[in-house]
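Coordinate analysis (summary)
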Amino acid sequence: MVSRPISPLWNSLALDRAAARSLQDQIVEYFRAAVLGGRLKAGTRVPSSRVLAADHGVARITAVQAYERLVAEGYLASRPGSGLFVAESQPERPVRPSAAALRRSRVRPRLPALKRSVPALAMPPRPDERLPLSTGIPALDHFPWSDWARITARLHRDRPLDALGHGDPQGERELREAIAQYLGAARGIACAAEQILVVAGSQQGIDLTARALARPGDAIWIEEPGYPIGRAALQAAALERVPVPVDSEGIDVAAGARLAPAARLALVTPSHHYPLGFTMSLRRRLALLDWAESANAWILEDDYDGEYRYSGRPLAPLYTLDRGHRVLYLGTFSKVLAPGLRLGYLVVPAGAVDAFAALKAASDRHAPSLTQRVLARFIEEGRLAAHLRRMRVLYASRRRALLDALEGEAAGLLRASGTPEAGLHLVARLMVPADDVAASRRALEKRVFAAPLSTYYAGAQRERGFVLGFANTREDRMAPAVRHLVGAIAETKPRTLSSKAGTRENSGTWRRMA
Ligand SMILES: Cc1ncc(COP(=O)(O)O)c(C=O)c1O
């Protein structure tokens, strides 16, 4: 190695004693940048830790430890008896571009797949779990941390080596058994663990189903209005989404059969329509099954919050009526525990399991094994059932509080749908001409999340109002939140909604919101 003299450059090190970063970090950063930027050449001797400390007024230990880190990272190397030098070969370290540089960048990747199907994915803004009335979020303030932590600690103490390697694409056996048991007890579904595929939330279930059962360009029925995030998965799979109107009995099967008789798939929410809340009537269920049988089509039943019913008896899932094995059942732990777990499940016909598991493996190998095992034990110990019992009581009370707040604060302005008493959200329709998208944006500025109902529609005919979540909002926060929403509506100029004609999905509205 050539030896260069101590570079005078190192002396440009300027330490900021008021900075949040430690002096040691600043020294390390300085040398890294100087080496990577070529200002300190390979072979250059750096001052001893004693000199560095004295010249810059830092403790010797600070200088020693900074150098140790630089040696460990490969920037500096020591030569016994001669001191420290800039190493000959530098560690490969990508230089992180600044936010400003990224903004200036003119490189625009080409996205042929998205271009082919749609100009851009129509994804709604993500509900913020900290904001009142956020849709679709369970009571995260009641997450069963202590049971979860106890089960996790016990599992980790056992050091299950096999959970650290690659696991079964279909999902951990233990969890699939637990889900099969749970579905029998909670939803009246008789299925075997062999039919269950553990997925990364409903979203992946929709994606895998779309890709397994349909080809790009195939028609698929979606509910109108319906679940925008689910629809985005179909959009990404380049399917032709056909919005089929929903009335108080659920999806209008006759209309669907007129609009797209040969659709491959129908994505439906029979237990609790999303977002309007209706339960699909028995008549419609039978009609839907008949259509699927005659059209050789599939039905994907998204039972996202079927566990929550606060009065009356719920109808069993559509899956339980299916004799021809046309229904795939999709469940999620997002509503019964937390969306951040990213765990859900598909129940598929036994003959299709291998194909689905192969697709899952090709996509992301499998769901995280340790989390699956914790969840399996959580269910086996009866903790999920107990948690659900507690949450039903809590949500019934939070729902009541939201209805009272709407009645007290928004009478004549918003009309809430009171039935069925179910789920984690309700719909409040606007009774005056106002732009729900603009009002929602205004409400967000006041830190209230009120999803605009019109954005749940794909076609031109849109109702206006808000989809309001109550599960993650404390009772005492309901009235203030509704008051803010009322203020936001009042501050928004009345305006007619844009109405693009056509039956294809209109994805422009979310972008107006974003
Ligand atoms: C209709 C519907 N399906 C499914 C889900 C759950 O999605 P995931 O399991 O991907 O979190 C939601 C959540 O908001 C939903 O509204």
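The rules we used
- Residues numbered from 1 in each chain as written.
- Predicted model: local features only at pLDDT ≥ 70, side-chain atom pairs only at ≥ 80, totals over all residues.
- Heavy atoms only, no water.
- Axes fitted to C-alpha atoms, helices over the stretch in contact; angles between N-to-C directions.
- Helix = DSSP H or I, 4+ residues; strand = E, 2+ residues; numbered from the N terminus.
- Left-handed = near helix turned anticlockwise from the far one by under 90°.
- Contact = heavy atoms within 4.5 Å.
- Nonpolar A, V, L, I, M, F, W, Y, C, P; charged D, E, K, R; others polar.
- Core = buried A, V, L, I, M, F, W, Y, C linked by side-chain atoms within 4.5 Å.
- Buried < 20%, exposed > 50% of the residue type's maximum accessible area, 1.4 Å probe, protein only.
- Near = heavy atom within 4 Å.
- Polar contact = N/O pair within 3.5 Å; in protein donor to acceptor, adjacent residues only side chain to side chain.
- Phe/Tyr/Trp six-rings, centres within 6.5 Å; stacked < 30°, edge-to-face > 60°.
- Lys NZ or Arg CZ within 6 Å of the ring centre and 35° of its normal.
- Parallel < 35°, antiparallel > 145°, perpendicular 65-115°, else oblique.

Our focus in this paragraph is the packing of helix α7 (residues 173–187) against helix α13 (residues 369–380). Look at α7 against α13: their axes get within 8 Å of each other, and the N-to-C directions meet at 35°. Pair α7 / α13 crosses with left-handed handedness. Side by side, α7 and α13 meet where Glu174, Leu175, Ala178 and Tyr182 of the first sit next to Gln372, Arg373, Leu375, Ala376, Arg377, Ile379 and Glu380 of the second. Per-class residue counts for the contact of α7 with α13 are 6 nonpolar, 1 polar and 4 charged.

If you look at the biggest cluster of nonpolar residues, it comprises 87 residues, and the most contacted ones within it are Trp221, Leu288, Tyr395 and Leu414. With 10 residues, helix α14 (residues 383–409) is the single largest residue contributor to this core. Setting aside anything within four residues of it in sequence, one finds Tyr395 in contact with Pro138, Ala139, Tyr308, Tyr310, Leu424, Phe470 and Ala471. In this structure, Leu208, Leu328, Phe356 and Ala357 belong to the second largest nonpolar core, which totals 26 residues.

In the region of the ligand, the neighbouring residues are Gly201, Ser202, Gln203, Tyr227, Tyr274, Asp302, Tyr304, Thr332, Ser334, Lys335 and Arg342. Lys335 places a polar side-chain atom, nitrogen or oxygen, 2.6 Å from an oxygen atom of the ligand. Ranked by residue count, the leading element in the shell around the ligand is helix α8 (residues 201–213), at 3 residues. Tallied by class, residues from the shell around the ligand come to 3 nonpolar, 5 polar and 3 charged.

A word on the packing of aromatic side chains. Taken as a whole and judged by the stated rule, the model has 12 aromatic pairs. Taking the centre distance of 6.2 Å and the plane angle of 70° together, the rings of Tyr319 and Tyr329 count as edge-to-face. Of this pair, Tyr319 sits in the loop between β8 (298–302) and β9 (327–332) while Tyr329 sits in strand β9, and the two are 10 residues apart along the sequence. Note on accessibility: Tyr319 and Tyr329 belong to one class, buried. Of the aromatic side chains, those joined through ring pairs into one cluster are Phe143, Trp145, Trp148 and Phe378. Positioned above the aromatic ring of Phe85 is the side chain of Arg79, whose terminal nitrogen or guanidinium carbon lies 3.6 Å from the ring centre. Above the ring of Trp298, the side-chain terminus of Arg326 is found at 5.5 Å from the ring centroid.

So, on to the packing of helix α15 (residues 436–445) against helix α16 (residues 475–491). Following both chains from N to C, one finds α15 and α16 inclined at 130°, their axes separated by 8 Å at the closest point. What the angle tells us is that α15 and α16 run oblique. The interaxial crossing formed by α15 with α16 has right-handed handedness. Contact residues: α15 offers Ala439, Arg442 and Ala443, while α16 offers Leu485, Ala488, Ile489 and Glu491. Class assignment of the residues belonging to the contact of α15 with α16 gives a composition of 5 nonpolar, no polar and 2 charged.

What follows deals with unusual backbone geometry. Here the bond from Glu224 into Pro225 is cis, since omega is 0°, no more than 30 degrees from zero. If you trace the backbone, Pro225 turns up in the loop between β4 (219–224) and α9 (228–236). Omega for the peptide link from Tyr274 to Pro275 comes to 5°, which places this bond in the cis form. Within the fold, Pro275 resides in the loop between β7 (265–268) and α11 (282–295). Phi is positive for Arg447, close to 65°, though the residue is something other than glycine. Assignment of secondary structure puts Arg447 in the loop between α15 and β13 (451–452). By relative accessible area, which is 46% here, Arg447 ends up partly exposed.

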